[in-house]
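Structure at a glance
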Amino acid sequence: MTQANTQAPHAPQPWHQLSVDQTFSSQVTSPSGLSQDQIRRRQETFGLNALPPPVRRSAWLRFLGHFNDVLIYILLGAAAVTSLMGHWLDTAVILAVAIINAVIGYVQESKAERSLDGIRGMLSNHARVVRDGQKEDIDARDLVPGDIVILRPGDKIPADVRLFDTHHFRVEESMLTGESTIVEKHDAPLAGDAPLGDRLNLGFSGTHVSAGNARGIVVTTGSDTEIGHINRMMSDVRTLQTPLLRQMEQLGKRIFQVVLVMVAALFLIGRYLLDMPLADLLLSLISIAVAAVPEGLPAIISIILSLGVQRMARNRAIIRKLPTVETLGAMTVICSDKTGTLTMNEMTARNVLLAEGTYRVAGDNTPPVGEITRESDGLPVDWQREDALTRFVRASAICNDSQLHEDADGQWRIVGAPTEGAMMVLAAKAGQGLDGVDKHGKVPFDSTYKYMARRCDDHGQNLIYVTGAPDVLFRLCAREQGEQGPRALRLDYWEKGLEAFAHQGLRTLAAAYKPGAAGATALDHADFQEGLILLGVAGIMDPPRPEAIVAIAHCNQAGIRVKMITGDHPETAMAIGAMLGMTHTSDAITGAQLQHIGDEELARLARDHDIFARTSPEHKLRLVRALQSLGEVVGMTGDGVNDAPALKQADVGVAMGIKGTEVTKEAADMVLADDNFASIAYAVREGRRVYDNLKKTILFILPTNLAQALLVIAAILGGALAPLSPLQILWMNMATSTTLSFGLAFEPAEPGMMHRPPRAPGKSILDGFAIWRIAFVGVLFTATAFVIERSLIAAGREPDFIRTVILQTLVTAQWTYLLNCRLQDRFSLTLSMFRNKALWLVTIALGLLQCAVIYLPWMNRVFGTVPLPPEYWTLTLVAAAGIFCIIELEKLILRTWRARRARPVLAQRPAS
């Protein structure tokens, strides 16, 4: 018992390279455990075996953060000026608009990130340890480096440990490595810098013991464990702005700059050149500031995004963060984990190599249905003649600890290791049950000798069946089973077959048999060290999802590259990539290669290669960042905890809803409820539709803001009162614009949407065409309203009457312009407009709103409006119809001009 020596363990080192004795020495401990004095000192040095809680802002700070926006600054400034002037109603309404926008933003952010809480929840609560030579159960938080832990089936490993005294010890590590196979552990030292999934003498915190027993020396605790490393990476990830939010921020800054310059210039002109009264001038300037700010735009964007969320949810894609809907449409690269995302996450026997040739196995793992055919001629197996294949299948089923059964609901279940389950399914497909078999002695599988053996009476004949690694069984076999009986083993033939399987990404399992002594029941290693006859080798794989193959084809068509980032072996990854139809599958970059290169070289590899194998969580995170440094909009899919940091870093993190961990779901922006990669292709299409409708909406709203501002500017320069009050402008921006925008939110997708490449991430939503259209329509609105205003002034109408008519003119023009915006470069009045019921619902709603603001007395008092005679409704409708026709003429002229420009380009192309 090491009680005298109380020094702390050494600094972190490659624990998998050390022997058990070296680890005891390094950790200053022994099999009898630590003394109480050592435990106390190490708890002071290393602290609790727990992950630190994340630092989060309070709810109030997060709410106030949504006032940190340049457009909100304009509104707050306008509210401050109106309050100083005593216009309290204007102040209240303007502040209400600012608060509504902040509430909308806060609600979007209301789901606090719980991914780090999820990781802490995956840690073990209890640990069984040896201390002072005595076994005891303790709180896992009290573990320290050097503690000796006892591990049994069903346990969750409480810290990172160096294993020793292992007995058939198997661990399920998919939450850390992403791979579905159960890992056989041992306690021998390993040479070199082994990837995380190959450190077979280590147990990692949070992983599950599937079978066997072992003891372990605690080498790291808390934040120093592998899961603690993932926790730190997630804490360090900073959320990126989506393309839409970046563009909205840029738009807001431009509007702020224009308003600032315009208001300052107009104040000087109005005050010192035109000698306007200060109160009237300030009210007009406030009207300009309010007019220039598209107050309803944040609400409209949220509504359109929310509708996209609902449509995606109906197709089993759950969006957790609203801007993700639009970002999907801009995605240029999808980085996907392999196991469980692109593949079925279940092992299936696809090929069987026998002495007489190779056989193909059709069908999935469940249900166990699929034809077995000869590769040479494609004909089904004649089981009356295939003695060798029958023996192989029976050997694989008898020498097997898994179970295959059908539930009451008709679902097939496999209980046991995935590889053994695949062999049971093969036996079921072959119609080979265990009838007539009496099982006797057994040698269980162990990674030290890599085989499993079973003695049985098979239809009255005593036989020993052995399954295991092909290289091990090749050494134990001198003969192979042919159709005419046993013959000399052809090692070259079998090694070539294994090489072919390796190129296909297949894992392998060999089977052999030996006649036993009649009546014998016991079994030991010595019973089959000679005399074994090789039956064959099965090629097993986790097959691609059929729907993923289709989805990748759609992504390629849409200009989106798909990259596979997996912890699996390179050959397997390349083979699966080729089956999926990925682009560059001839080579793979491994985690070992990524480990020692700089960020610049990493960016080049990330751009030029599509398959990355034997990767760690850190590699996945670096690859996502490297692609983002190249200007790519990156989507990352996955289901294991190892994927969570990369999902959080990605522009769009996509988690699997069924097989994904809670940590991964909380780190993701989107969750696929059916774990179907194909749902991503639909989500991209929906994202592009949403972006198109957002752009149409912005082109619909901004001309009205421009027209409002130009009318007020004209009034100031003409020395007249503002033609619209601040509240009337807010009514248009918040009520009518928002209502009408619903009609565009439901517009269907444009034809050919998934045949065009992703839009450039840095491209402004306001391109040259958009600026022209906004300016053209804004001036058209202004000119129409100005002519009507001048005629009403000449007729001697009251200011409130004139303002009411101008308000009605602009609102009616908005309605007809909504129809123009349906199709950006084609004639708008098509039959499809009658299929969009939202267009007609918002038309009815707009009519009711305008009747209310014009004819209800209390709204007259609030908004400064007066009732209008029916002929003025006709006047405004005729004016709006004229605007509609002019815009359609402009679209026709632009369409003709573009077609003429395209003709010379087409004429220069060589004939195919």
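Residues numbered from 1 in each chain as written. Predicted model: local features only at pLDDT ≥ 70, side-chain atom pairs only at ≥ 80, totals over all residues. Heavy atoms only, no water.

1. Some details on the overall build of the chain
A count of helices and strands for the chain gives 30 helices and 27 strands. Once the C-alpha set of the chain is aligned to its principal axes, its extents read approximately 120 × 75 × 55 Å. A buried classification covers 55% of the 912 residues belonging to the chain. Pairs at least 24 residues apart make up 72% of the contacts formed inside the chain by residues separated by at least 6 positions. With an accessible surface of roughly 37800 Å², the chain has 58% of that area assigned to carbon and sulfur atoms. One finds the centroid of the 88 positive side-chain charges in the chain at a distance of 7 Å from the centroid of its 93 negative side-chain charges. (Helix = DSSP H or I, 4+ residues; strand = E, 2+ residues; numbered from the N terminus. Buried < 20%, exposed > 50% of the residue type's maximum accessible area, 1.4 Å probe, protein only. Contact = heavy atoms within 4.5 Å. Areas by Shrake-Rupley, 256 points an atom, 1.4 Å probe, with all protein chains shown as cover. Lys, Arg positive; Asp, Glu negative; His and termini not counted. Charge placed at Lys NZ, Arg CZ, Asp CG, Glu CD.)

2. Looking at the packing of helix 13 (residues 387-398) against helix 14 (residues 418-429)
Axis angle and axis distance: for two packed helices, these are the angle between their axes and the distance between the axes, and together they describe the pair. As a packed pair, helix 13 and helix 14 sit with axes 8 Å apart at the nearest point and diverge in direction by 135°. Judged by the angle between their axes, helix 13 and helix 14 are oblique. For the pair helix 13 and helix 14, the sense of crossing is left-handed. Only Met 423, Met 424, Leu 426 and Ala 427 of helix 14 make contact with helix 13, whose side of the interface consists of Phe 392, Val 393, Ser 396 and Ala 397. Considering only residue class, the contact of helix 13 with helix 14 consists of seven nonpolar, one polar and no charged. (Axes fitted to C-alpha atoms, helices over the stretch in contact; angles between N-to-C directions. Parallel < 35°, antiparallel > 145°, perpendicular 65-115°, else oblique. Left-handed = near helix turned anticlockwise from the far one by under 90°. Nonpolar A, V, L, I, M, F, W, Y, C, P; charged D, E, K, R; others polar.)

3. Remarks on the packing of aromatic side chains
Tallied over the full model, the rule gives 12 aromatic pairs. Between Tyr 451 and Phe 528, the aromatic rings sit 5.3 Å apart at their centres with planes inclined by 80°, giving edge-to-face as the arrangement. Highlighted residues: Tyr 451 in strand 16 (residues 451-458) and Phe 528 in the loop between strand 20 (507-515) and strand 21 (532-541), separated in sequence by 77 residues. With respect to class, Tyr 451 is no different from Phe 528; both count as buried. (Phe/Tyr/Trp six-rings, centres within 6.5 Å; stacked < 30°, edge-to-face > 60°.)

4. Looking at the environment of Ser 26
Inspection of the secondary structure assignment puts Ser 26 in helix 1 (residues 20-26). Spatially, the C-alpha atom of Ser 26 lies 30 Å from that of Lys 450, the residues being 424 residues apart in sequence.

5. What to know about the confidence of the model for the chain
For the chain, mean pLDDT is 84; residues scoring 70 or higher make up 91% of the total. Segment residues 1-6: pLDDT under 50, and 16 contacts once partners within four positions in sequence are set aside and those in other chains are kept. Below pLDDT 50 for its whole length, residues 111-120 participates in 29 contacts with residues either more than four positions away or in separate chains. (pLDDT = per-residue confidence, 0-100.)

6. Regarding the sheet that holds strand 26 (residues 652-656)
The strands making up a sheet associate through hydrogen bonds between their backbones, and the pairing can be parallel or antiparallel. A sheet is described by the order of its strands in space; here eight strands give the open sequence 8-27-26-25-9-22-24-23, paired in mixed fashion. Of all the strands in the sheet, just strand 8 (317-319) and strand 23 (589-590) have a single pairing partner and so form its edges. As defined by bridge partners, strand 23 adjoins strand 24 (residues 611-613) across two bridges and the pair is classed as parallel. What sits directly across from Thr 590, in strand 24, is Ala 613. (Pairing = 2+ DSSP bridges.)

7. Overview of the pattern of salt bridges
The final tally for this structure, using the stated rule, is 41 salt bridges. Glu 44 is the partner of Arg 40 in a salt bridge, and the nearest nitrogen-oxygen pair spans 3.4 Å. With Arg 40 and Glu 44 both in helix 2 (residues 36-46) and four residues apart, this pair spans about one turn of that helix. Between Arg 374 and Asp 377 there is a salt bridge; the shortest N-O distance is 2.8 Å. (Salt bridge = Lys/Arg side-chain N within 4 Å of Asp/Glu carboxyl O.)

8. Quick look at the nonpolar core
Grouped together as the largest cluster of nonpolar side chains are 142 residues, with contacts concentrated most on Tyr 451, Phe 528, Met 670, Phe 677, Ile 680 and Leu 810. The greatest single-element share of this core, amounting to 15 residues, is contributed by helix 24 (residues 678-717). (Core = buried A, V, L, I, M, F, W, Y, C linked by side-chain atoms within 4.5 Å.)

9. As for the packing of helix 24 against helix 26 (residues 768-794)
Axis separation between helix 24 and helix 26 bottoms out at 8 Å; the angle between their running directions is 45°. Between helix 24 and helix 26, the angle is such that the two are oblique. Judged by the twist between their axes, the crossing of helix 24 over helix 26 is right-handed. Across from Leu 699, Leu 702, Pro 703, Thr 704, Leu 706, Ala 707, Leu 710, Leu 711 and Ala 714 in helix 24, the residues of helix 26 making contact are Phe 769, Ala 770, Ile 774, Ala 775, Val 777, Gly 778, Val 779, Phe 781, Thr 782, Ala 785 and Phe 786. Tallied by class, the residues present in the contact of helix 24 with helix 26 amount to 17 nonpolar, three polar and no charged.

10. Topic: helix 18 (residues 570-580)
With eight of its 11 residues buried, helix 18 lies for the most part within the structure. Looking at helix 18, one finds that the buried residues are Pro 570, Thr 572, Ala 573, Met 574, Ala 575, Ile 576, Gly 577 and Leu 580. Those residues of helix 18 that are buried are in contact with helix 16 (491-503), strand 21, helix 17 (546-557), strand 22 (561-565), strand 23 and strand 24.

11. Some words on the side chain of Thr 220
Structurally, the position occupied by Thr 220 is in strand 7 (residues 208-220). Accessibility expressed as a relative area gives 10% for Thr 220, which makes it buried. Discounting residues that sit within four places of it in the chain, Thr 220 has contacts with Trp 15, Ala 159, Asp 160 and Thr 225.

12. Some words on a nonpolar patch on the surface
A cluster of nonpolar side chains, contributed by Tyr 73, Leu 76, Leu 95, Ile 99 and Val 103, occupies part of the molecular surface with about 390 Å² of accessible area. For the nonpolar patch, the secondary-structure elements that each account for two or more residues are helix 4 (70-84) and helix 5 (88-108). Here the element with the most residues in the nonpolar patch is helix 5; it accounts for three residues. For Tyr 73, the location among the structural elements is in helix 4. (Patch = residues over 30% accessible without salt bridge, like charges linked within 9 Å, V, L, I, M, F, W, Y side chains within 5 Å.)

13. Section: the pairing of strand 10 (residues 348-354)
Most of strand 10 is tucked away: six of the seven residues are buried. Taken together, the five bridges between strand 10 and strand 21 define a ladder with antiparallel strand orientation. From the neighbouring strand, Leu 353 faces strand 21, where its bridge partner is Val 537. Bridge count for strand 10 against strand 11 (residues 357-361) is four bridges, and the pairing is antiparallel. Its bridge partner lying in strand 11, Val 352 is registered against Tyr 359. Connecting strand 10 to the next strand, strand 11, in antiparallel fashion are two residues.

14. Observations regarding helix 13
An ideal rise of 1.5 Å per residue puts 16 Å on 12 residues; helix 13 measures up with 16 Å between its terminal C-alpha atoms. Most of helix 13 is tucked away: 10 of the 12 residues are buried. If you check which residues of helix 13 are buried, you get Ala 388, Leu 389, Thr 390, Phe 392, Val 393, Arg 394, Ala 395, Ser 396, Ala 397 and Ile 398. (Expected span 1.5 Å × (residues − 1).)

15. Some details on unusual backbone geometry
Notably, Asp 132 is not glycine yet its phi reads approximately 55°, a positive angle. With respect to the helices and strands, the residue Asp 132 is situated in the loop between strand 1 (126-131) and strand 2 (134-139). You will see that Arg 614, though not glycine, has its phi angle at about 50°, which is positive. Looking at the element boundaries, Arg 614 is found in the loop between strand 24 and helix 21 (617-629).

16. Re the state of the cysteines
All told, the structure shown has zero disulfides when counted by the stated rule. For the unlinked cysteine Cys 399, the closest cysteine sulfur is that of Cys 456, found at 9.0 Å. For Cys 399, a relative accessible area of 3% gives the class buried. (Disulfide = S-S within 2.5 Å.)

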